[in-house]
Structures are given as structure tokens and as C-alpha cells.
Amino acid sequence: MTKPVHGGNLAWAATIAGCPTSAIIDFSASINPLGPPNSALQAIQSNINQLRAYPDPSYQELKKAISLTHPPLTPEWVLPGNGAAELLTWAALELSKLETTYLLVPAFSDYWRALKTFAANVVECPLEIGEWKLEQLAIKSDISKGLLLNNPHNPTGMLMELESIVPFLEKFGLVVVDEAFMDFLPPPQLESLIPLVTKFDNLVILRSLTKFYSLPGLRIGYVISHPERLRKWEKWRDPWSVNSLAIAAAQAVLEDKVFQEQTWNWLSKACPQLFQGLAELPGLQPYSGAANFLLVKSEKSVDQLQIKLLKEYQILIRDCLSFAELGDRYFRVAVRTQEENQKLIDALAKIL
Ligand SMILES: Cc1ncc(COP(=O)(O)O)c(C=O)c1O
């Protein structure tokens, strides 16, 4: 079995560890360990009979439910998708029609998948880890150029302030901001661009329900942008790309304030605990992150560290080989429960 590009490949990890997939503690996919919320599971169970009918292809109810979580937006500003990944495809098609797309690197590998599919002309903008240095983006107003950003940024965990993105909205023809991890920030710390979407018709914001609500297998996300653009995307894509159970679960979790509070409470304690534990280990340097994962620099080869953690402790971390700029001296770990975080810290302490 070849080494996976994405995190969360438990079949590969179990083969290396020589154990069932259920025995792996997965730090490689940045998924909320408290989920999925009961509200999602109950909604799926009670809507199981919906499988007999096609979903509403215009997704009116779901659009309404999503728009209500982002007042004062109305449903036509929202389009649900088969995960943020599906919507990224349509964003990439739009970007590919522009002369150039500026892309912050290291970048989530799926951006490359989507941009290459449509032969977009990509200019890489290397990011200095630990600080946002975007001078290379100091272009003059040029509507023939596009920009693809990720905030908070995967894999560094860096968060860009809303105000620092506004100048790009004034310059670029199209700005796509992937906010797949933004939900992990409690409301007072949010830097989401959603409040600006009615001001800028060149803004596209991607959101995912995968990470925060721990639903990667269900496939559900949404995009917020100008209604004219979303009507165009609806014509481009397959009908019924969001299934009936995803609709039911999404509507339930968006209203689940208890789960949202629990997640913010857990993360506010578990993230500093993991950071501190990693920082105290020899040869490791974690970078502080705004979301539910941490990027860590390692003096030792991560390839070997990853295999040892799997074979000796059934723990899976995310190597950064798919991020060309990072290579074998970085890894990424999801923040998990405090007990599991401690297991990782203890295992690394023994290996290092
Ligand atoms: C930055 C980023 N955006 C989008 C996605 C895809 O999210 P979804 O599961 O909603 O397609 C991922 C998944 O790893 C991601 O890391």
C-alpha cells in the first residue's frame, strides 16, 4: 500500500502498525474528537426514510438554515456542496479563467488538484512560517488576477486578520478564502470574511462542516458568495451533489449550540496542553496555531518518527511530504482529548 497524501488514512496506518484500524489514535486528520454530535446522529437516524426520494435539487431548506447562521444573509447567498472540496473545484474553474492565480504555499494539496484540473496559471507565494509576509502580493489593482487564501491556514495554523485581507479584495479580480477551520475560533476571535461578502462581489468563502462537526464521511460544506456566481455554479455542477442525510445532519448541527460551546471549551484547554507538552520535548518546535491542529518542526526525520509512533504506539501523525516546501522535517498533529494528547507526548518523549 503506497503512503497516503492526505491525513486520516487509517487503512495504511493499520497495515504499518499491524493492528485493526479502530486501534489507531489518529492525530493526522484535523477532526474534532468530541464529535460527531448526537444531534447529527439523531437527525440521520430519523431521516433514513428520505433515502427513498431525491433531495430537493435547489436545497431551499438547507440554504435557509445556513443563511440563518450568518445574518443578515439570505438563502441566495449560500450554496451547499459535497464538502468544501467540491466547491473548491468550481472556485478553481473561475480562477483558471483569470490570467494568474496567486496561491499561498505551503498549500493544502487539494488546491493543486483543483487548479491543475483547469490548467490555472499559478504563481506561488511562499509563506514565512510564524508570520504573515505577503509583500509579494503587493500588486497594483489588477482584476485579471485571482488569489486563493486559507484562513486559518493549513498546515501552519496561522490566522490572518480580517483587515489585512481587505486590501486584496480591493485589488484582485477574484479572492477565494477557504475558511474550513474558522468554526474552531469562538465568536469573539473570529476573523471570517462573511460579514464583508455583500460589499465585495469578487469574494468567495468556502466553509466545511467536516472538521468542526467530525463528519468527514458525510461530505458537507458550503460556499458564500454573490448570488449571481452561485446560480452559475449550480448550472455547472451535478444535480443532487448533497445527499438527504447530509442535509438533515447539517440542519441539526448548525443549531447545536451546546456542541459548539463544548468544542470551544475543550480546545481552549487541550490546545495549550498539547503545545506545551510538545515544546518541552527535545528537538521539537511547535508553532502556535489558531485552529485545532499544530505544525511542529523536528530535528529528526519525520518519516522515521511516524513509523516508530505507529509500530510502537499505534499513533498516527501527519507527515508534511505533500507540502513540498516543508518536507521531512515537519509534521502536523490534530488536537485531540487531553488524555490522547498526553499519550502522544509520552510516546514522543520515549522515542526522542
Ligand atoms: C484547508 C482545507 N480545506 C478544505 C478541506 C476539505 O474539506 P471538506 O471535507 O469539507 O471537503 C480540507 C480537508 O482536509 C482542508 O484541510
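Residues numbered from 1 in each chain as written. Predicted model: local features only at pLDDT ≥ 70, side-chain atom pairs only at ≥ 80, totals over all residues. Heavy atoms only, no water.

Draft legend 1. The arrangement of the overall build of the chain in detail. Counting its secondary structure elements, the chain contains eleven helices and 13 strands. Whereas a compact globule of 352 residues would reach a radius of gyration of roughly 20 Å, the chain reaches 20 Å, a difference of no more than 12%. For the chain, the spread of C-alpha atoms along the principal axes amounts to about 55 × 55 × 40 Å. Scored against the burial criterion, the 352 residues of the chain give a buried share of 55%. For the chain, the share of sequence-separated contacts (at least 6 apart) that also reach a separation of at least 24 residues comes to 73%. In the structure as shown, the chain presents an accessible area of about 15,300 Å², 53% of it carried by carbon and sulfur atoms. Distance between charge centroids for the chain: 4 Å, based on 32 positive and 37 negative side chains. (Helix = DSSP H or I, 4+ residues; strand = E, 2+ residues; numbered from the N terminus. Rg over C-alpha atoms; globule rule 2.2 N^0.38 Å. Buried < 20%, exposed > 50% of the residue type's maximum accessible area, 1.4 Å probe, protein only. Contact = heavy atoms within 4.5 Å. Areas by Shrake-Rupley, 256 points an atom, 1.4 Å probe, with all protein chains shown as cover. Lys, Arg positive; Asp, Glu negative; His and termini not counted. Charge placed at Lys NZ, Arg CZ, Asp CG, Glu CD.)

Draft legend 2. The arrangement of the site of the ligand in detail. Around the ligand, the surrounding shell holds 14 residues, and the nearest of these are A84, D178, S208, K211 and R219. In this structure, A85 approaches the ligand through a main-chain N or O atom, which is 2.9 Å from an oxygen atom. In the environment of the ligand, a nitrogen atom lies 2.6 Å from a nitrogen or oxygen atom belonging to the side chain of D178. Here the ligand has 400 Å² of accessible area as a free molecule, and 89% of this is covered by the chains. For the shell around the ligand, the leading source of residues is helix α4 (residues 83-96), giving three residues. Looking at side-chain class alone, the shell around the ligand contains six nonpolar, five polar and three charged residues. (Near = heavy atom within 4 Å. Polar contact = N/O pair within 3.5 Å; in protein donor to acceptor, adjacent residues only side chain to side chain. Nonpolar A, V, L, I, M, F, W, Y, C, P; charged D, E, K, R; others polar.)

Draft legend 3. Local environment of α4. Under the 1.5 Å per step criterion, the end-to-end length of α4 is 21 Å for 14 residues, consistent within 8% with the ideal 20 Å. Where burial is concerned, most of α4 is hidden: 13 out of the 14 residues are buried. (Expected span 1.5 Å × (residues − 1).)

Draft legend 4. Just the pattern of salt bridges, in detail. Counted under the stated rule, the structure contains eleven salt bridges. The partner of K145 in a salt bridge is D142, with the nearest N and O atoms 2.8 Å apart. Residue K145 is classed as buried on the basis of its relative accessible area of 14%. In this structure, the salt-bridge partner of R207 is E179, at a minimum N-O distance of 2.9 Å. With R207 in strand β7 (residues 203-208) and E179 in the loop between β6 (172-178) and β7, the pair connects residues that are 28 residues apart, well separated along the chain. The burial state of R207 is the same as that of E179; both residues are buried. (Salt bridge = Lys/Arg side-chain N within 4 Å of Asp/Glu carboxyl O.)

Draft legend 5. Structural view of the packing of helix α10 (residues 302-313) against helix α11 (residues 338-351). Here α10 crosses α11 at 115°, and the two axes come no closer than 11 Å. One finds that α10 runs roughly perpendicular with respect to α11. Read as a crossing pair, α10 and α11 show a hand that is right-handed. Touching L305, K308, L309, E312 and Y313 of α10 are L344, A347, L348, K350 and I351, all from α11. Looking at the contact of α10 with α11, its residues break down into seven nonpolar, no polar and three charged. (Axes fitted to C-alpha atoms, helices over the stretch in contact; angles between N-to-C directions. Parallel < 35°, antiparallel > 145°, perpendicular 65-115°, else oblique. Left-handed = near helix turned anticlockwise from the far one by under 90°.)

Draft legend 6. Local environment of the environment of T15. The residue T15 is located in helix α1 (residues 10-17) in this model. Sequence separation between T15 and L295 is 280 residues, and the spatial gap between their C-alpha atoms is 25 Å. Of the polar contacts made by the side chain of T15, one reaches the backbone oxygen of A11; its length is 2.8 Å.

Draft legend 7. Expanded view of the side chain of S30. Tracing the sequence through the fold places S30 in the loop between β1 (25-26) and α2 (38-46). A relative accessible area of 3% places S30 in the buried class.

Draft legend 8. Region of interest: helix α9 (residues 257-279). Between its first and last C-alpha, α9 extends 33 Å over 23 residues, near the 33 Å set by a 1.5 Å rise per residue. Of all the bends in α9, the largest measures some 25° and sits at L267. Three or more residues of α9 are buried, namely F259, Q260, T263, W264, W266, L267, A270, C271, Q273, L274, G277 and L278. On its buried face, α9 sits against α8 (244-254), β9 (284-287), β10 (293-298), β13 (327-334) and α11. (Bend = angle between axes of the 7 residues up to and from the residue.)

Draft legend 9. Local environment of the packing of helix α3 (residues 60-68) against α8. Orientation of α3 relative to α8, taken along the N-to-C sense of each, is 20°, at an axis distance of 10 Å. Here α3 is positioned roughly parallel relative to α8, judged by the angle of their axes. Where α3 crosses over α8, the handedness of that crossing is left-handed. Side by side, α3 and α8 meet where E61, L62, A65 and I66 of the first sit next to I247, A250, Q251 and L254 of the second. Broken down by class, the residue content of the contact of α3 with α8 amounts to six nonpolar, one polar and one charged.

Draft legend 10. Looking closely at the pairing of β13. Within β13, six of the eight residues are buried, which leaves the element mostly enclosed by the surrounding structure. Across five bridges, β10 lies against β13 in antiparallel orientation. When the bridges of β13 are listed, V296 appears paired with F331. Sheet topology note: the strand β12 (residues 318-320)/β13 ladder contains three bridges and is antiparallel. The partner of R318 across the bridge, within β13, is R332. Where β12 hands over to β13, the hairpin turn is made up of six residues, counted between the paired strands. (Pairing = 2+ DSSP bridges.)

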